[in-house]
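Secondary and tertiary structure notes
Listed below are the residues making up each chain.
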Amino acid sequence: MSRKPLPDPWVRPAHPAPGNVAPGTGGLVDRHGRVATDLRVSLTDRCNLRCTYCMPPEGLDWLPKVEVLTDEEISRLVRIGVEQLGIREVRFTGGEPLLRPGLVGIVAAATALRPRPEVSLTTNAIGLARVAPALAAAGLDRINCSLDTVDRERFEQLTHRDRLDDVLAGMAAAQAAGLRPVKVNAVLLRGLNEKDALPLLDFCLEHGYQLRFIEQMPLDAHHAWTRGEMVTAEDILEQLSAAHTLTPDSEERGSAPAERWLVDGGPATVGVIASVTRSFCGACDRTRLTADGQIRNCLFAREESDLRGAMRAGATDQELADRWRIATLNKLPGHGIDDPSFLQPSRPMSAIGG
């Protein structure tokens with residue numbers, strides 16, 4: 001197989017110094033010249049699965065309802081991001097966003113904005129079979145589904161729920177509703193599903209889904225992650241190469257997190273997001289809004305900036321936009337997982353939003 005090492009992170013060209021941007025103007029620029037144009041919005045911290053790398057079988061203490069943003073508050077902040085701060089992509093996440101009763105209305109409000117952002121959803125697909133047509137009608141552009149194995153017993157072992165059939169039905173319904181391409185996100189865990197790389201790829205090739213493997217990140221609620229036990233990008237590529245010929249995709253990666261490979265000459269591809277072993281922080285263009293209204297500059301950030309409190313205290317759109325700009329200035333150059341001083345964030349993935 002012809003394979004090159006994963007590339008060095010792509011770094012954006014320099015932008016005007018953030019200090020020269022007057023209050024009330026400009027997008028979300030940090031001190032390192034990166035511009036955030038991709039907004040990830042967590043709609044809830046709740047989930048109906050208990051994936052091993054995310055939360056314990058008994059679940060977590062969920063956010064009190066009063067602390068969670070209302071549908072109107074979410075839509076207002078998304079509007080500010082798009083109209084005033086240059087957001088071009090909006091991804092709704094969780095927890096599990098399908099548990100949010102107002103999801104379809106939130107999506108419709110986002111797709112009605114001008115300039116219209118690309119709007120997508122990350123979900124475990126449980127319940128998607130029922131709501132996929134309504135999401136498509138609301139203007140949703142595409143779906144990312146989490147699926148770590150197509151083996152029923154391992155699925156239940158990984159998620160503590162026997163719901164594989166529901167997930168597969170949801171993915172099929174999304175594709176039938178025109179939410180294409182259906183992207184599949186998979187995390188491999190040593191000793192559990194590390195040998196599922198090839199079955200997952202073959203399944204996605206058969207159904208026309210786009211598969212992306214993601215290195216397990218230190219975002220589990222019980223802080224059990226260790227780098228030594230992680231299934232790396234190179235481990236994954238080695239497994240896939242045993243049965244398929246992988247060649248690097250020549251398409252420009254840009255700020256996309258996945259390094260893509262053509263499978264057996266294409267056009268099908270498989271992606272690997274090497275978040276830990278080959279970080280891409282230099283090209284990061286994301287900003288994150290938690291379900292309780294906090295701005296986070298990184299999945300691994302230990303600091304947040306509160307927009308909910310200011311909004312509920314009567315802040316104007318302009319004041320909220322300026323708070324968001326100021327929060328972005330403090331974005332660190334990288335997540336620092338490889339640094340001995342790295343500390344895992346107190347919030348798990350379910351409370352941050354993927």
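Structural data are supplied above this passage.
Throughout what follows, the structure given in this document is the object of discussion. (Residues numbered from 1 in each chain as written. Predicted model: local features only at pLDDT ≥ 70, side-chain atom pairs only at ≥ 80, totals over all residues. Heavy atoms only, no water.)

Points about the overall build of the protein
This is how it is decided: Note on conventions: DSSP H or I runs of at least 4 residues are helices, E runs of at least 2 residues are strands, and numbering of each starts at the N terminus. Pairs of residues are marked as contacts when any of their non-hydrogen atoms sit within 4.5 Å. We get accessible surface area from the Shrake-Rupley algorithm with a probe of 1.4 Å; when it comes to residues, only the shown protein chains can shield them.
What the protein contains, in helices and strands, is 10 helices and 14 strands. Within the protein, residue pairs in contact and separated by at least 24 positions form 74% of the contacts whose partners lie at least 6 positions apart. For the protein, the accessible area works out to roughly 15,200 Å², and carbon and sulfur atoms hold 52% of it.

Quick word on the pattern of salt bridges
What counts here: One speaks of a salt bridge when a side-chain nitrogen belonging to Lys or Arg is within 4 Å of a carboxyl oxygen belonging to Asp or Glu. Residue burial is assigned from relative accessible area. The probe radius is 1.4 Å, only protein chains are included, and a residue is buried under 20% of its type maximum, exposed over 50%, and partly exposed in between.
If you walk through the whole model with that rule in mind, you get 18 salt bridges. Asp 162 is the salt-bridge partner of Arg 152, the closest N and O atoms lying 3.9 Å from each other. Taken together, the residues span a long stretch of sequence, with Arg 152 in helix H4 (residues 152-159) and Asp 162 in the loop between H4 and helix H5 (164-176) at a distance of 10 residues. Arg 152 gets classed as partly exposed once you look at its relative accessible area, which sits at 39%. On the accessibility criterion, Asp 162 (47% relative accessible area) is partly exposed.

As for the layout of surface pockets
Operational definition: Both site types are read off a 1 Å grid over the protein atoms alone. A 1.4 Å probe that fits but cannot get out defines a cavity, while an open set with protein on both sides within 12 Å along at least five of seven lines defines a pocket; lining residues have an atom within 4 Å of a point. Grid points are joined across faces, edges and corners, and a volume is the space filled by probe spheres set on the points. Three categories are distinguished: nonpolar for Ala, Val, Leu, Ile, Met, Phe, Trp, Tyr, Cys and Pro, charged for Asp, Glu, Lys and Arg, and polar for the others, with Gly belonging to the last.
Estimates place the volume of the second largest pocket at around 300 Å³. Residue composition of the lining of the second largest pocket, by class: 6 nonpolar, 2 polar and 5 charged.

Structural notes on empty space enclosed by the protein
This model, assessed by the stated rule, comprises 2 cavities of 30 Å³ or more. Quantified by volume, the largest cavity comes out at close to 60 Å³. Around the largest cavity sit Leu 49, Cys 51, Tyr 53, Ser 146, Leu 147, Asp 148, Thr 149, Phe 155, Leu 158 and Thr 159, which together line it. The element best represented in the lining of the largest cavity is H4, accounting for 3 residues. Its residues assigned to classes, the lining of the largest cavity shows 6 nonpolar, 3 polar and 1 charged.

Some points on the nonpolar core
Selection rule: Grouping buried Ala, Val, Leu, Ile, Met, Phe, Trp, Tyr and Cys residues that are joined through side-chain atoms within 4.5 Å yields what is termed a nonpolar core.
Membership of the largest hydrophobic core comes to 86 residues, with the highest contact counts inside it found for Val 78, Phe 92, Leu 128 and Phe 213. For this core, the element with the most residues is helix H1 (residues 71-85), which contributes 6 residues.

Describing the pairing of strand E12 (residues 286-289)
Going by this rule: Strands pair, by our definition, only if DSSP identifies at least two bridges between them.
Of the two faces of E12, the one carrying Arg 286 and Arg 288 and the one carrying Thr 287 and Leu 289 are both buried. Sheet topology note: the strand E3 (residues 38-42)/E12 ladder contains 4 bridges and is parallel. Each bridged residue has a counterpart across the sheet, and for Asp 38 the counterpart in E12 is Arg 286. Relative to strand E13 (residues 294-296), E12 runs antiparallel, the two being bridged by 2 bridges. Within E13, the residue paired with Leu 289 across the bridge is Ile 295.

Concerning the packing of aromatic side chains
Rules: Each Phe, Tyr or Trp ring, with Trp reduced to its six-membered ring, pairs with another whose centre is within 6.5 Å; inter-plane angles below 30 degrees give stacked pairs, above 60 give edge-to-face pairs, and intermediate values give tilted ones.
Inspection of every chain in the model, using the stated rule, returns 1 aromatic pair. Relative to Tyr 209, the ring of Phe 203 lies with its centre 5.9 Å away and its plane at 55°, an arrangement referred to as tilted. Of the two residues examined, Phe 203 and Tyr 209, each falls in the buried class.

Overview of the environment of Pro 56
Mapping Pro 56 onto the fold places it in the loop between E3 and H1. Sequence separation between Pro 56 and His 160 is 104 residues; the distance between their C-alpha atoms is 9.4 Å.

A closer look at unusual backbone geometry
The omega angle of the peptide bond from Gly 94 to Gly 95 is 10°, so this bond is cis rather than trans. Mapping Gly 95 onto the fold places it in the loop between strand E4 (89-93) and helix H2 (103-111). Here the residue pair Arg 180 and Pro 181 is connected by a cis peptide bond, since its omega of -5° sits within 30 degrees of zero. Within the element layout of this structure, Pro 181 appears in the loop between H5 and strand E7 (182-186).

Overview of H4
Each α-helix winds once per 3.6 residues, and so residues spaced three or four apart point in a common direction. Heads up, the condition is: In this context, the arc is that of the directions from the helix axis out to the C-beta atoms. Within 3.5 Å is the distance limit for a polar contact, defined as a pair of N or O atoms, with the added protein rule that one can donate a hydrogen and the other accept it, and that residues adjacent in sequence qualify only through two side-chain atoms.
Within the span of H4, buried status applies to Phe 155, Leu 158 and Thr 159. For H4, the arc enclosing every buried residue in end-on projection is 80°, short of the 170-degree limit, so these residues lie on one face. As for H4, its buried residues are in contact with H5. The N-cap of H4, judged by a side-chain oxygen 3.1 Å from the amide nitrogen of Glu 153 a few residues on, is Asp 151. Following H4 by one or two positions, His 160 adopts a phi angle in the positive range, close to 60°.

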